[in-house]
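Structure assessment
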Amino acid sequence: MNQPLRQRPLSIGPLRAFEAVARHLSFRAAAEELSLTQSAVSRQIQALEEEIGCTLFLRGTRRVELSNEGAVLLPTAVAVLARLDQTVRQIRRARGRRVVNVTTFASFASLWLIPRLCDFQKLHPDIDIRVSAQDGLADLDDGEHDLALRYVTSAEGLTGELMFEETVSPVVSPWYAESSGNGRLPPLRRPADLAAHALTEEDDARPSAEFLSWRHWLTRQREPDLQPLRWMYFNFTYQQIQAALAGQGVALARLPLVHEHLQRAELVEPFGAAGRLTSPYAYWLLPSPGATSRPEVQAFADWVREQAALTRQQLAAV
């Protein structure tokens, strides 16, 4: 005779133990992660199997495998636990200090966002800002990030707001420019003169790097085969700018990120407006749909919009 179907809801503890064992395929590793003993994890899995009425793991001498039923349960368990953890984080955040979690890429954080944050914190001293700098696009549905400031194209289909567009141009320090004009270094009057200078290059394999590369710029300037005195490769844009500020060579700078250096005459464009080149990539504000209702996130997004408008105005005046 078939046993009656159980209707009692599952307990979260055994479900979390199941997810951990399934992810590691190891009772020992799951126990270490959950700060439990291995026997406690085994008891939770046994209780869950009794609740569901089937075997979830095939236990061997040295290996653990998901059963067919366990493989069916796993995707739902992962989704349920992720949703639960996200909701708990939101509740804790609402009861504690107000925090805005921002994800962006390292060079944007270093060159554009961080220098301006003091202005936001003067306006909103009760709001904490957590900046996560990572090159990959973060999932804004993960509950960890409230908004993203990213470098993408409109063709990537992301829902967001354009902050400002991209323009690149060669830049050097004033000392370097002066040395190029008085004979201590070869002059920089036209693109062909770069053959006698060191060029800083971003060492990046992403598609956007094509439009930020010297090879692309030189090709557009009809110097596709030019080889500089030497190359200096860096992982990030802000490192190239640091090298240019130190007078170590010529950087192909992203003007939205360095226009204040130009205004303060800490950097100069040796070829002026003729050396500028646009890109299909641009800077975007991407809010998380689940966070826009929080006043602190809205305040930060509004502040970013104001700062972006100022950047657009300043770029038009450069």
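What about the environment of Val172?
Tracing the sequence through the fold places Val172 in the loop between β6 (161–171) and α6 (174–181). Expressed as a C-alpha distance, the spacing of Val172 and Leu262, which sit 90 residues apart in the sequence, is 9.9 Å. Leaving out residues up to four positions away in the same chain, Val172 has contacts with Ala177, Leu188, Ala244, Gly249, Val250, Glu266, Leu267, Val268 and Pro270.

Observations regarding the environment of Pro207
Inspection of the secondary structure assignment puts Pro207 in the loop between β7 (198–202) and α7 (214–220). Since its relative accessible area comes to 61%, Pro207 is described here as exposed. It is 10.0 Å that separates the C-alpha atoms of Pro207 and Val152, two residues lying 55 residues apart in sequence.

Some words on the pairing of strand β5 (residues 147–152)
Most of β5 is tucked away: 6 of the 6 residues are buried. The two faces of β5 match: Leu147, Leu149 and Tyr151 on one face and Ala148, Arg150 and Val152 on the other face are all buried. As paired elements, strand β3 (residues 98–104) and β5 share 3 bridges and run parallel to each other. Bridging from a neighbouring strand, Thr103 pairs with Ala148 of β5.

Overview of the packing of aromatic side chains
Note on aromatic pairs: each is described by the distance of the centres and the angle between the planes. All told, the structure shown has 21 aromatic pairs when counted by the stated rule. Between the aromatic rings of Phe108 and Trp112, the centroid separation amounts to 5.0 Å while the plane-to-plane angle is 25°, which identifies the pairing as stacked. One end of the pair is Phe108 and the other is Trp112, both in helix α5 (residues 106–123) and 4 residues apart, which spans about a single turn. Accessibility expressed as a relative area gives 0% for Trp112, which makes it buried. Seen in terms of ring centroids, Phe300 and Trp303 are 5.5 Å apart; in terms of plane orientation they differ by 40°. Their pairing is tilted. Separated by 3 residues within a single helix, Phe300 and Trp303 lie in helix α10 (residues 295–317), roughly one turn from each other. In this structure, Phe300 and Trp303 share a single accessibility class: buried. Aromatic rings pair up to connect Phe105, Phe108, Trp112, Tyr151, Phe164, Phe211, Tyr281 and Tyr283 into one cluster. Above the plane of the ring of Tyr151 lies Arg254, whose end atom (NZ or CZ) is 4.2 Å from the centre.

Considering the sheet that holds β3
On the basis of which strands lie adjacent, the open sheet formed by 8 strands has the order β4-β3-β5-β10-β6-β9-β7-β8 and mixed pairing. Where the open sheet ends on each side, the last strands, each with one partner, are β4 (127–133) and β8 (230–234). When the angles between neighbouring strand axes are averaged without regard to direction, this sheet yields 25°. Pairing between β3 and β4: 7 bridges, direction parallel. When the bridges of β4 are listed, Thr103 appears paired with Ser132. Along the sheet face, helix α9 (residues 255–263) touches β6, β9 (250–254) and β10 (277–287) and points at about 60° away from the line of β6. Sitting on the sheet, α10 touches β3, β4, β5, β6 and β10, and the angle it makes with β6 is about 40°.

Section: helix α2 (residues 27–34)
Within an α-helix, residues lying three or four positions from one another point in the same direction, as the helix has 3.6 residues per turn. Among all positions of α2, only Phe27, Ala29, Ala30 and Ala31 are buried. Its side-chain oxygen 3.4 Å from the backbone nitrogen of Arg28, Ser26 forms the N-cap of α2. Remark: Ser35 follows α2 within two positions and exhibits a positive phi of approximately 60°.

What to know about the pattern of salt bridges
Evaluated as defined, the whole model comprises 16 salt bridges. In this structure, Glu33 and Arg23 form a salt bridge, with 2.7 Å as the shortest nitrogen-oxygen distance. Of this pair, Glu33 sits in helix α2 while Arg23 sits in helix α1 (residues 12–24), and the two are 10 residues apart along the sequence. On the basis of relative accessible area, Arg23 is assigned to the partly exposed category, the value being 44%.

Basis of the calculations
- Residues numbered from 1 in each chain as written.
- Predicted model: local features only at pLDDT ≥ 70, side-chain atom pairs only at ≥ 80, totals over all residues.
- Heavy atoms only, no water.
- Helix = DSSP H or I, 4+ residues; strand = E, 2+ residues; numbered from the N terminus.
- Contact = heavy atoms within 4.5 Å.
- Buried < 20%, exposed > 50% of the residue type's maximum accessible area, 1.4 Å probe, protein only.
- Pairing = 2+ DSSP bridges.
- Phe/Tyr/Trp six-rings, centres within 6.5 Å; stacked < 30°, edge-to-face > 60°.
- Lys NZ or Arg CZ within 6 Å of the ring centre and 35° of its normal.
- Axes fitted to C-alpha atoms, helices over the stretch in contact; angles between N-to-C directions.
- Polar contact = N/O pair within 3.5 Å; in protein donor to acceptor, adjacent residues only side chain to side chain.
- Salt bridge = Lys/Arg side-chain N within 4 Å of Asp/Glu carboxyl O.

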